[in-house]
Amino acid sequence: MARRLMLALFSALFVLYVAGPVLWLLSSSLQMESEITAVPPNWLPPHPGLHNFTAIFTAGDSAEYANRGIAGFLPSGAANLLPSLYNSLKVGLWVAALNLVFSLTAAYAIAVIDFKGRRATLYTVLATRVIPDIALVVPLFLVIRNLGLINSIGALVVTYLAITVPFTIFILISYFEGIPRDLYRACRIDGCGHWGALRHVYLPLSLPALVAALMFAFLTSWNEFLFALVLTQNVAAQTLPIIIAGFVMDFTTSFSFVNAAGVIAILPPVLLAILFQRYIVSGLTAGAVKG
Amino acid sequence: MAAITLQGVTKRYGQVTAVQALDLAIREGEFMVLLGPSGCGKTTTLNMIAGLEDISAGTLLFDTKDVTRLPPHQREVAMVFQSYALYPNKTVAENIAFPLKLRRVPQAEIDRALAEVAEQLELTPLLGRRPHQLSGGQRQRVALGRAIVRHPSVFLMDEPLSNLDATLRLSMRSLIKRLHHSLKATFVYVTHDQAEALTLADRIAVMQGGVIQQLDTPEGIYERPANTFVASFLGSPQINLLRQGLPRPAWVPAGQPVIIGLRPEDVAHPREGLTTLGGRVELVSPLGSETQLELALPEATLTLRVPKDWRVREGEALEIGIDPARLHVFDAATERRLAP
Ligand SMILES: Nc1ncnc2c1ncn2[C@@H]1O[C@H](COP(=O)(O)OP(=O)(O)O)[C@@H](O)[C@H]1O
Ligand SMILES: [Mg+2]
């Protein structure tokens, strides 16, 4: 009994620790600038309203800009927020989709086809991720510049694929290896070539791992900061993290506005997680527990 | 339509040679059983015939066509796996129809073939289920159905019955035998179970260490084992193999060291024309219609199977008669069969 009580207590504490900042983000996004900075703080919004969000979605609109006193100070880059949200979505979806194409085919080849040098291929792919990102920034910048891709969505998509594909290959390989080899054999005997085996055996039986890979690729590109900072220079290609970070470096920081932007930034990943939640738990542990 | 010829077929995994220069000619319409202990290379051989494993050296012919490098889906063989290997995300009907779907057979024809196979294998009420909703025997029948629906000319089976319980195994055995008669296809059947091999096979290839030890009819393998390995692998209880203690047939050159083999059932009451041996009964195990016993001779102990009306009792003396013509003689050094 005491044991269960302790367990409940510590669980509650842990949840508070993890969820606290998010709750505060939500609460403060519904408050006025003056209410946020009040001491003692308002845990719940005294006059909840969507004014911060209204300001974000109309930041490009000059008439509303005059009313900025109501919502607090609009940061100078506020008008870039919506375009960057769109950029982030575009980059994330492209990376997720292309990642799946590349890692699915690569993982199939490495896990299923017995070709010379398959071990070496796997280790080479994984070894690229041992190097810390910061060490790659300058060489990558030069490559992207010479390709003429600086300040384009393409630069980010290519870079994020290079970051995410090795991991997703690894996730998929360990999942594929858990699929009984006899199913592959049966499929080949029944008349499938390699594409058929991929489509009829490995694809349908690895949905959890595929969803995990998709989520991982999307979230990585959604959150990525360092490469985006270096490779993009204006609103044509800048993503949400860059723009939101810019708000804080502004002359005066508008917390209400930053928090509202933060809520918008976490919304797509949360929606994605809810959409795929029945696959996620099994996907993230897939391969990890199978002997 | 489909004779299968293996010429010097070899499979190496790195340093390990799983199958060593195998020569085997399987006749069209034959029921060939590959028999041997676990790890002797049966599955590897079958997979090479199917195209699931690359052949390291040698040639594989279907009739006169060289298929050594042909991928499995171009070989037109059907296969049944020990693990059943049913697609878990497909229903029974979809599993069985899958090979036809891949071949773009018209739907009406698929439906007709499916109904026929389901009827034959008594699967009709199960067509809508998924594999995890089936018992082991039902799964095995679905796996058979998926194989026969294509009317293949070559049928490969890798220990298809070893996951079933004993009763089911017997009924599946006769089902497979009936299938062979009705399909008139070439069957290659892998098993480590000698009883299965003896009942099903037209011919048996006994394998050990990646090498065929003997290729013959079930009778030939049992009556004239080529070496001591084959002699002791078939027969239950095992053949008695003794360097001394059993009478040497008259034709064996004096002084040559030999191993003499006696099948447990090759004994009778002493009578004219038989060699008589006497000993003490040590252990008696009734087997229903027969009795298994251990008989201690002066120089050795024999395991014997005798009719139950012998009414032997432990501790008693017993005299038996042995027909010298039924003794198996092997060279003591090479362990190969010697014949007069
Ligand atoms: N993929 C593999 N890699 C390495 N060795 C293998 C592989 N598959 C089988 N072997 C080896 O080849 C030999 C024959 O195996 P197998 O054909 O499966 O035997 P069986 O089916 O008669 O039990 C065994 O010694 C086994 O360890
Ligand atoms: Mg095997």
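This text follows the structure it describes.
Computed from a prediction, not measured in an experiment: that's the story for all the values here. (Residues numbered from 1 in each chain as written. Chains lettered and ligands numbered in written order. Predicted model: local features only at pLDDT ≥ 70, side-chain atom pairs only at ≥ 80, totals over all residues. Heavy atoms only, no water.)

1. So, the pattern of salt bridges
All names here are of chain B. Summed over all chains, the structure comprises 17 salt bridges over all chains. Linking E30 and R203 is a salt bridge whose minimum nitrogen-to-oxygen distance equals 2.4 Å. Of this pair, E30 sits in the loop between strand 2 (16-26) and strand 3 (31-35) while R203 is found in strand 9 (residues 203-208), placing the two residues 173 residues apart along the sequence. You can call R203 buried: its relative accessible area is 11%. Note that R169 is salt-bridged to D193, the shortest N-O span being 3.9 Å. (Salt bridge = Lys/Arg side-chain N within 4 Å of Asp/Glu carboxyl O. Helix = DSSP H or I, 4+ residues; strand = E, 2+ residues; numbered from the N terminus. Buried < 20%, exposed > 50% of the residue type's maximum accessible area, 1.4 Å probe, protein only.)

2. What to know about the site of ligand 1
Residues and elements named next belong to chain B. Neighbouring residues of ligand 1: Y13, A18, P37, S38, G39, C40, G41, K42, T43 and T44. Residue K42 places a main-chain N or O atom 2.9 Å away from an oxygen atom belonging to ligand 1. In isolation ligand 1 has 560 Å² of accessible area, and contact with the protein removes 59% of it. For the shell around ligand 1, a count of residues per class yields four nonpolar, five polar and one charged. (Near = heavy atom within 4 Å. Polar contact = N/O pair within 3.5 Å; in protein donor to acceptor, adjacent residues only side chain to side chain. Areas by Shrake-Rupley, 256 points an atom, 1.4 Å probe, with all protein chains shown as cover. Nonpolar A, V, L, I, M, F, W, Y, C, P; charged D, E, K, R; others polar.)

3. Topic: the packing of helix 10 (residues 181-190) of chain A against helix 11 (residues 194-205) of chain A
Residues and elements named next belong to chain A. Following both chains from N to C, one finds helix 10 and helix 11 inclined at 140 degrees, their axes separated by 9 Å at the closest point. The angle between helix 10 and helix 11 falls in the class oblique. Once helix 10 is placed against helix 11, the crossing between them reads as right-handed. Contacts from L183, Y184, C187 and R188 in helix 10 reach H194, G196, A197, H200, V201, Y202 and L205 in helix 11. Tallied by class, the residues present in the contact of helix 10 with helix 11 amount to seven nonpolar, three polar and one charged. (Axes fitted to C-alpha atoms, helices over the stretch in contact; angles between N-to-C directions. Parallel < 35°, antiparallel > 145°, perpendicular 65-115°, else oblique. Left-handed = near helix turned anticlockwise from the far one by under 90°. Contact = heavy atoms within 4.5 Å.)

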